[in-house]
Amino acid sequence: MDGKRVLVTGGAGFIGSNLANRLAADNDVIVVDDCSLGTPENLVDGVEFHERTVVGTDLPTDVDVVFHLAARSSYAMHEEDPQRGARVNVEGFVNTVEQARQDGCDTVVYASTSSIYGTRTDPSPEDMPVAVNTGYEASKLARERYAEYFANHYDMTMAGLRFFSVYQGYGGAEAHKGEYANVIAQFADDIARGDSPVLYGDGTQTRDFTHVSDIIRGAILTAEHELEGVYNVGTGDRYSFNTVVAMLNDELGANVDPEYVENPIPDSVYVHDTCADATKLREATGWEPEIDFEEGIRRVCAQYE
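## Regarding the packing of aromatic side chains
Then comes step 1: Summed over all chains, the structure comprises twelve aromatic pairs.
Then comes step 2: Ring geometry for Y146 versus Y149: centroids 6.4 Å apart, planes at 80 degrees, classification edge-to-face. On the criterion of helical spacing, the pair formed by Y146 and Y149 is a turn pair, its members being three residues apart in helix α4 (residues 135–154).
Then comes step 3: Looking at Y146, the relative accessible area reads 36%, which means it is partly exposed.
Then comes step 4: Judged by its relative accessible area of 34%, Y149 is partly exposed.
Then comes step 5: Ring geometry for F209 versus F241: centroids 6.4 Å apart, planes at 40 degrees, classification tilted. Remark: F241 occurs in helix α7 (residues 241–252) and F209 occurs in the loop between β9 (206–207) and β10 (210–211); sequence separation between them is 32 residues.
Then comes step 6: Cluster of aromatic residues (ring-pair linked, three or more members): Y167, F187, F209, Y239, F241 and F293.
Then comes step 7: Note that R101 overlies the ring of Y154, its terminal NZ or CZ placed 3.8 Å from the centroid.
Then comes step 8: Lying across the ring of Y231, K280 places its NZ or CZ 4.5 Å from the centre.

About the criteria used
Residues numbered from 1 in each chain as written. Predicted model: local features only at pLDDT ≥ 70, side-chain atom pairs only at ≥ 80, totals over all residues. Heavy atoms only, no water. Phe/Tyr/Trp six-rings, centres within 6.5 Å; stacked < 30°, edge-to-face > 60°. Helix = DSSP H or I, 4+ residues; strand = E, 2+ residues; numbered from the N terminus. Buried < 20%, exposed > 50% of the residue type's maximum accessible area, 1.4 Å probe, protein only. Lys NZ or Arg CZ within 6 Å of the ring centre and 35° of its normal.

Here it is, written out as structure tokens:
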């Protein structure tokens, strides 16, 4: 993408700031963020920053492309205040897209979630049945349905990305997320400090961990190819939390045992395993993950050397 005027909502947060900074090299980038999870300190010089909520009026939507990443972005965050979660995740999405439409922007790439697949050890394709077990999942599925409305009623180019367990580490833009950061960042920081990482259950749950650089490359390719519909962004490989702890110990030259605790999230809603089938995105754009998990672990641990 080159020479475009781009809005990134949630652009001072973890994924958003990585995306905004990458785009800023060749585009005019505007970021909107209410700073509840993000900080403008994550942004490079040259990015135009507005501390503003996506449920507000007069958003800077006179752009060529909107990347809508603003969200209450986890089960825990949404459950803290379900009404706020719905306002931000659903109303904020509709509000942003509608203002963009009125300003003449017809291309929107937005964040959905892979949680709606539930527990899956096999790769999950986009056309498989999905279900909603949490308010967070309901809000993200609502985005997909509203995206269909904008695409069908107004002929807008709407693409939803179902991200799989995005990570970077506290050395990147995850540090401000604290307890809401990906478990890899939290486990690495614990082990580096000699503290036991806390694992829910027996640590056998698995995730398709996808490095943020691969995530944002997928988002940019999606906009460049003007894709429509929903697309998985994940590696197709999965690793257990126990394996993650072992790999972090090896990379950090440590020997810190995890602490196993009862899972506070009910079994009926806890997603035990995730795995992406990214065939659709690959065939549409040529996207492939470039950061294998071993390299990703090395990058997470580099700040502790």
